[in-house]
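So you can see what is in the structure, the chains are spelled out below.
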Amino acid sequence: MRFRKHKFLAAIFLCSFFFTALVYADPVDEYVQAMMAENHIPGAAVAIVKNGNIIKSKAYGLASVEFNAPVTTDTVFEIGSVSKQITAAAIMLLVEDGKIDLDEKISAYLNDTPEAWENVTVRNLLTHTSGVKSYTTTGGFELSKRYTVEDFIDELSKYPLDFEPGSAYRYSNSGYSLLGYIIESVSGETYWEFLRERIFSPLKMDHTADRDPQFIIPNRATGYEWEKNRLVGRDYELTDLFSAGAIVSTIDDMAKWVIALRGQSLLQTSSKEESWKPFNLNDGKESLYGLGWNIVDLRGQHVLRHGGQTAGFAANVSRYVDSDLSIVVLANLGTQGLGSDIALGIAKIYIPSLSLKSLKPSASSEPTATRAITVFLNDVLRNKANASVLTDDLIIKLSTERAMAENDRILSFGKITKIELIDLKFSDVTKVYQYRVETEKKLMLWSFSLDPTGKISNISLLEEE
């Protein structure tokens, strides 16, 4: 009888344990681990800051698959273009010092700039409105070349401006590298010395530094790519990203960064307001990129965010201003947009109104277009799209190995069970449809663009949940 009583008590204990685990299951952990499994992410780290306090700082998976080394909150990841908001902050510190004028021509701070750049201002570089061609689209700027500022300007001067300064927005890593050289010219220090002195040391971001492989960085994560259905090491012929994207950091250091942005310990209020406002193009239209930040109004939430991508790494910092919520994601897989996708998914846990379920269908049902796009989407996901309805550029885009691998991933969500038109926008040259697409396992938001001939010129998966 005593033995049976003990077995009964043990059973009660186990039931209580599992019930407690179920009640206290962390939805963020569940979501991040599900995303890691689905996207083959070796390791990741997440920080969530609410009302200026870190409410979660968590590490997941492996920093090194080869050595079976786990990610910790001290693991050092490349943050890619999230570096741009730090470079922009450094510029604003020099503005506060009276050493830089945002609307001054960059030739005032850099020697031997080409004549074609004579109207490019510091603000143009910060807002990607300079027209200076991004070196990541040209090749020839490998880290192994160790360019000086003179080399960099000389090499970049070979390319004409993409457009008149201030007339358009086009993302340019070149602009942010030039900003790094301006920081050096004005401060009399190297870019890295200035960041350490004015940002990293005051904020106690002790593990934030230059990614250059020549440096021995304790706890540095290994970067990976997912190619041909297997995990591979990243390409080590690295581009010299310098002040456009060469910072490495830990999840705890990046949490300190977002806390500092919320308070007054780093930048004056006027500097932050300047950083987080849209840029007015020459024709008066707004470009929704501030000084190192994308500016988004998403389903009633004002959002300041920026993603980062380097070979083998993905990152994102997002600030949901109205909810006083900041999210940082770092991962050691170089899939485009991965950090941003995870950050948005986490935000939806805290702000349910961000869910795709909250979107209301458009009053215009567009039944003919909806039927055609439903057929097209089913076909393209099976890599069998009718080429006659696509532009040549889109045919090329959909034919890459990466695109076909992504289609296989989306097919795993199951068959499409419902498709609803959410939005339709017209411009002089395109119609852009947004559809909420429901499958057996996931809800997605897709964008389809039609050119004046009626051909599909672009297709993009914007969100999934």
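This is a predicted model, so every value here is computed, not measured. (Residues numbered from 1 in each chain as written. Predicted model: local features only at pLDDT ≥ 70, side-chain atom pairs only at ≥ 80, totals over all residues. Heavy atoms only, no water.)

A. Looking closely at the overall build of the protein. Counting secondary structure elements, the protein contains 14 helices and 18 strands. Here the protein has a C-alpha radius of gyration of 24 Å; the compact-globule value for 465 residues is 23 Å, and the two agree. Once the C-alpha set of the protein is aligned to its principal axes, its extents read approximately 90 × 60 × 40 Å. Counting only contacts in the protein whose residues sit at least 6 apart along the sequence, the fraction spanning at least 24 positions is 64%. Within the structure as shown, the protein displays about 22200 Å² of accessible surface, and the carbon and sulfur contribution to it stands at 53%. Computed over 49 positive and 60 negative side-chain charges, the inter-centroid distance for the protein is 11 Å. (Helix = DSSP H or I, 4+ residues; strand = E, 2+ residues; numbered from the N terminus. Rg over C-alpha atoms; globule rule 2.2 N^0.38 Å. Contact = heavy atoms within 4.5 Å. Areas by Shrake-Rupley, 256 points an atom, 1.4 Å probe, with all protein chains shown as cover. Lys, Arg positive; Asp, Glu negative; His and termini not counted. Charge placed at Lys NZ, Arg CZ, Asp CG, Glu CD.)

B. Examining helix H3 (residues 83-96) more closely. Taking 1.5 Å per residue as the helical rise, H3 with its 14 residues ought to reach 20 Å, and the 20 Å between its terminal C-alpha atoms agrees with that figure. Judged by how many residues are buried, H3 sits mostly within the fold: 12 of 14 residues are covered. Those residues of H3 lying buried are Ser83, Lys84, Gln85, Ile86, Thr87, Ala88, Ala89, Ala90, Ile91, Met92, Leu93 and Leu94. (Expected span 1.5 Å × (residues − 1). Buried < 20%, exposed > 50% of the residue type's maximum accessible area, 1.4 Å probe, protein only.)

C. The arrangement of the packing of aromatic side chains in detail. All chains considered together, the criterion is met by 15 aromatic pairs. Look at tyrosine 181 and phenylalanine 242: their rings are 4.8 Å apart centre to centre, the planes differ by 35°, and that puts the pair in the tilted class. Within this pair, whereas tyrosine 181 is found in helix H6 (residues 173-187), its partner phenylalanine 242 is found in helix H8 (residues 242-245), the two being separated by 61 residues in sequence. Per residue, the accessibility class of tyrosine 181 equals that of phenylalanine 242, and both read buried. Connected via pairs of aromatic rings, a cluster forms that spans Tyr135, Phe141, Tyr147, Phe152, Tyr181, Tyr191, Trp192 and Phe242. Of note, lysine 84 hangs over the ring of tyrosine 176, and the distance from its end group to the ring centre comes to 5.7 Å. Positioned over the ring face of tyrosine 236 is arginine 234, at 4.8 Å from the centre of the ring. (Phe/Tyr/Trp six-rings, centres within 6.5 Å; stacked < 30°, edge-to-face > 60°. Lys NZ or Arg CZ within 6 Å of the ring centre and 35° of its normal.)

D. The arrangement of the pairing of strand E6 (residues 224-227) in detail. Bridging between E6 and strand E7 (residues 230-233) involves 4 bridges; their strand directions are antiparallel. Bridge pairing in E7 links glutamate 225 to valine 232. Between E6 and E7, which pair antiparallel one after the other, the connecting turn spans 2 residues, and lysine 228 there sits at a positive phi close to 50°. (Pairing = 2+ DSSP bridges.)

E. Main features of the sheet that holds strand E12 (residues 301-310). Taken in spatial order, the 7 strands of this open sheet run E3-E2-E1-E14-E13-E12-E11, and their pairing is antiparallel. At either margin of the open sheet sits one strand with a lone partner, and together these are strand E3 (69-70) and strand E11 (294-298). Summarising the sheet, strand E1 (residues 43-50) and strand E14 (residues 325-331) pair through 7 bridges and their orientation is antiparallel. The residue bridging valine 46 from the neighbouring strand is valine 329, located in E14.

F. Structural detail: the nonpolar core. Core analysis: the biggest nonpolar cluster contains 73 residues, and Val122, Ile182, Ile199 and Trp257 have the highest contact counts within it. Setting aside its immediate chain neighbours within four residues, isoleucine 182 contacts Ile91, Ile100, Ile106, Tyr109, Leu110, Val122 and Leu125. Among the nonpolar cores identified, the runner-up in size contains 28 residues, and Ala44, Val303, Ile342 and Leu354 belong to it. (Core = buried A, V, L, I, M, F, W, Y, C linked by side-chain atoms within 4.5 Å.)

G. Region of the structure containing a nonpolar patch on the surface. A cluster of nonpolar side chains, contributed by Ile55, Ile349 and Tyr350, occupies part of the molecular surface with about 240 Å² of accessible area. With respect to the helices, strands and loops of the structure, isoleucine 55 is situated in strand E2 (residues 53-64). (Patch = residues over 30% accessible without salt bridge, like charges linked within 9 Å, V, L, I, M, F, W, Y side chains within 5 Å. Salt bridge = Lys/Arg side-chain N within 4 Å of Asp/Glu carboxyl O.)

H. Inspection of the pattern of salt bridges at higher detail. Throughout the structure, instances matching the rule amount to 27 salt bridges. Here lysine 145 makes a salt bridge to glutamate 142, at a shortest N to O gap of 3.4 Å. The exposure class of lysine 145 is partly exposed, given its relative accessible area of 42%. Note that lysine 442 is salt-bridged to glutamate 464, the shortest N-O span being 2.9 Å. You can see lysine 442 sitting in the loop between strand E16 (431-439) and strand E17 (443-450) and its partner glutamate 464 sitting in strand E18 (residues 456-464), a full 22 residues away along the chain. Each member of the pair, lysine 442 together with glutamate 464, is buried. A single network of salt bridges, built from pairs that share partners, joins Glu38, Glu406, Arg409, Lys442 and Glu464.

I. Looking closely at the sheet that holds strand E15 (residues 416-426). Across the sheet, which stays open at both edges, the 4 strands sit in the order E15-E16-E17-E18 with antiparallel pairing between neighbours. Only two strands of the sheet have a single partner each, and these edge strands are E15 and E18. Strand-to-strand twist in this sheet, taken as the mean axis angle between neighbours without regard to direction, amounts to 20°. Running over the sheet, helix H12 (residues 367-381) touches E15, E16, E17 and E18 and is turned about 65° from E16. (Axes fitted to C-alpha atoms, helices over the stretch in contact; angles between N-to-C directions.)

J. Layout of the pairing of E11. As defined by bridge partners, E11 adjoins E12 across 5 bridges and the pair is classed as antiparallel. Across the sheet, residue valine 296 finds its bridge partner in E12, namely valine 303. The antiparallel pairing of E11 with E12 creates a hairpin that spans 2 residues between the two strands, and arginine 299 there sits at a positive phi of about 50°.

K. Geometry of unusual backbone geometry. Residue arginine 299 is not a glycine yet carries a positive backbone phi of 50°. Mapping arginine 299 onto the fold places it in the loop between E11 and E12. The class of arginine 299 is partly exposed, set by a relative accessible area of 21%. Phi is positive for asparagine 383, close to 55°, though the residue is something other than glycine. You can see asparagine 383 is positioned in the loop between H12 and helix H13 (392-398). By relative accessible area, which is 37% here, asparagine 383 ends up partly exposed.

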